[in-house]
Amino acid sequence: MEALGSMLGGTIASLILIRFFNSFEIMTMLSLLNAIAAFIFIETPRRKIVRLAAVLIMLLSAFLWLSGGWKKIEVFSFKKQWPGYEVLDARNSFFANLVTLKRGEQISFFNNGMRLYSVPDKRACEEAVHFCLLEHREPKDILLIGGGVAGALDEILKHPVERIDYLELDPELIKVAQDFLASGYASALKHPKVFIKNLDGRYFIKATGNKYDCIIVNLGDPYTAQLNRFYTREFFHEAKRVLKEQGIISFGLSSSDSYINFDLGRYLGSVYAALQKEFTEVKVIPGNIAYFLATGTPAGLTYDYKLLMRRAVERKLGLQYVREYYLSSRLAPDKIYYTENALKKARPR
């Protein structure tokens with residue numbers, strides 16, 4: 001009976017409670033159930049007092065629920081949790097608690113308390129997309145894993161691509177973006193070249209028969225086991241299978257522009273080593289976000305910023321940040337040498 005009760009409770013929580021009610025409303029229901037159970041089953045010399053307390057709890061919970069008091073308490077708690085921000089929205093999905101915040105003109109999306117994306121963040125979007133697409137001579141088929149709602153789709157569509165498969169595990173995140181982002185960002189989600197798939201990235205890459213010119217992993221650092229799966233040798237092996245002959249995979253990880261200590265070097269170096277075991281050529285673009293690029297084609301990548309800029313001009317991209325002065329600094333030989341050397345020295349044997 002206990003096992004059946006646990007199964008039933010888990011099913012109700014996943015399919016009904018999390019989907020249709022906020023945290024405080026769920027807490028109200030559980031409080032009412034506990035109070036009712038106490039009222040019915042209590043057997044103690046003080047059962048009258050306990051039953052009276054149970055009745056009071058039931059009445060208080062019902063009053064707060066019917067009067068909207070729990071909603072006010074929820075709003076108050078979010079204001080305390082996110083001081084300095086305007087809380088635009090908070091909702092539960094099957095996968096996470098999603099909170100949308102606004103400060104000034106910038107809107108930020110948080111997943112279980114961790115920041116996913118901020119909009120607008122033009123430089124981050126340009127770096128995440130164009131470092132990869134400019135390395136490819138003719139990118140047509142693109143796989144984007146995460147980050148499309150933050151503007152990455154808009155940047156990809158500046159290139160003469162033919163198809164973008166956009167993987168976003170949580171469909172609720174797409175709905176939030178459509179509700180709160182300016183029409184210019186949300187419109188990319190409806191572009192005829194964009195195909196949104198609410199699937200796990202690892203599962204999709206294992207199952208798909210499609211081949212891609214570029215795979216852009218735009219998920220941020222591996223703070224959780226869920227994200228860590230996208231920075232392993234096993235994932236790189238699977239991704240290599242769905243890349244075309246001159247295909248490129250790219251992603252960014254937090255780093256340092258000027259100093260990489262041993263711990264940071266070990267962290268980045270482990271990913272660097274895993275890439276090198278699966279791909280013929282691996283390059284790293286230094287910066288506070290280090291961008292890793294890998295391909296199975298010998299000499300398929302370049303640090304020549306002039307060549308990259310010629311491609312940007314030919315494609316008429318009109319970039320604001322990933323331009324000559326910016327690329328010449330990011331791709332300075334001394335920075336590249338220092339970063340690659342730090343990762344090679346610190347990586348595990």
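Structure first, text after, so check above.
A short tour of the structure in this document, coming up. (Residues numbered from 1 in each chain as written. Predicted model: local features only at pLDDT ≥ 70, side-chain atom pairs only at ≥ 80, totals over all residues. Heavy atoms only, no water.)

1. Here's the deal with the overall build of the protein chain
And then number 1: When helices and strands are counted, the protein chain shows 15 helices and 11 strands.
And then number 2: The C-alpha extent of the protein chain, read off along each of the three principal axes, is 85 × 45 × 40 Å.
And then number 3: Counting only residues that meet the buried cut, the protein chain has 46% of its 349 residues in that class.
And then number 4: Partitioning the intrachain contacts of the protein chain with sequence separation of at least 6 by distance along the chain shows that 65% fall at a separation of at least 24.
And then number 5: Here the protein chain has roughly 18,400 Å² of accessible surface; of this, 58% comes from carbon and sulfur atoms.
And then number 6: The positive charge centre, built from 46 side chains, and the negative charge centre, built from 36, are 3 Å apart in the protein chain. (Helix = DSSP H or I, 4+ residues; strand = E, 2+ residues; numbered from the N terminus. Buried < 20%, exposed > 50% of the residue type's maximum accessible area, 1.4 Å probe, protein only. Contact = heavy atoms within 4.5 Å. Areas by Shrake-Rupley, 256 points an atom, 1.4 Å probe, with all protein chains shown as cover. Lys, Arg positive; Asp, Glu negative; His and termini not counted. Charge placed at Lys NZ, Arg CZ, Asp CG, Glu CD.)

2. Quick notes on the nonpolar core
And then number 1: Counting residues in each nonpolar core, the largest one holds 46 residues, and the members touching the most others are Ile142, Leu144, Val149, Leu153, Ile156, Ile164 and Tyr166.
And then number 2: With six residues, helix α5 (residues 122-135) is the largest single contributor of residues to this core.
And then number 3: For Leu153, the contacting residues outside a window of four places in its chain are Leu144, Gly148, Ile164, Tyr166, Ala188, Leu189 and Val194.
And then number 4: If you look at the next biggest cluster of nonpolar residues, it comprises 33 residues, including Val217, Tyr231, Ala274 and Phe292. (Core = buried A, V, L, I, M, F, W, Y, C linked by side-chain atoms within 4.5 Å.)

3. Structural notes on the sheet that holds strand β4 (residues 114-119)
And then number 1: What the four strands build is an open sheet, ordered β1-β2-β3-β4; its pairing is antiparallel. The outermost strands of the open sheet, each flanked by one partner alone, are β1 (86-92) and β4. Across the sheet, the mean angle separating the axes of adjacent strands is 20 degrees when strand polarity is ignored.
And then number 2: As paired elements, β1 and strand β2 (residues 97-103) share six bridges and run antiparallel to each other. Within the sheet, the bridge partner assigned to Arg91 lies in β2 and is Leu98. (Pairing = 2+ DSSP bridges. Axes fitted to C-alpha atoms, helices over the stretch in contact; angles between N-to-C directions.)

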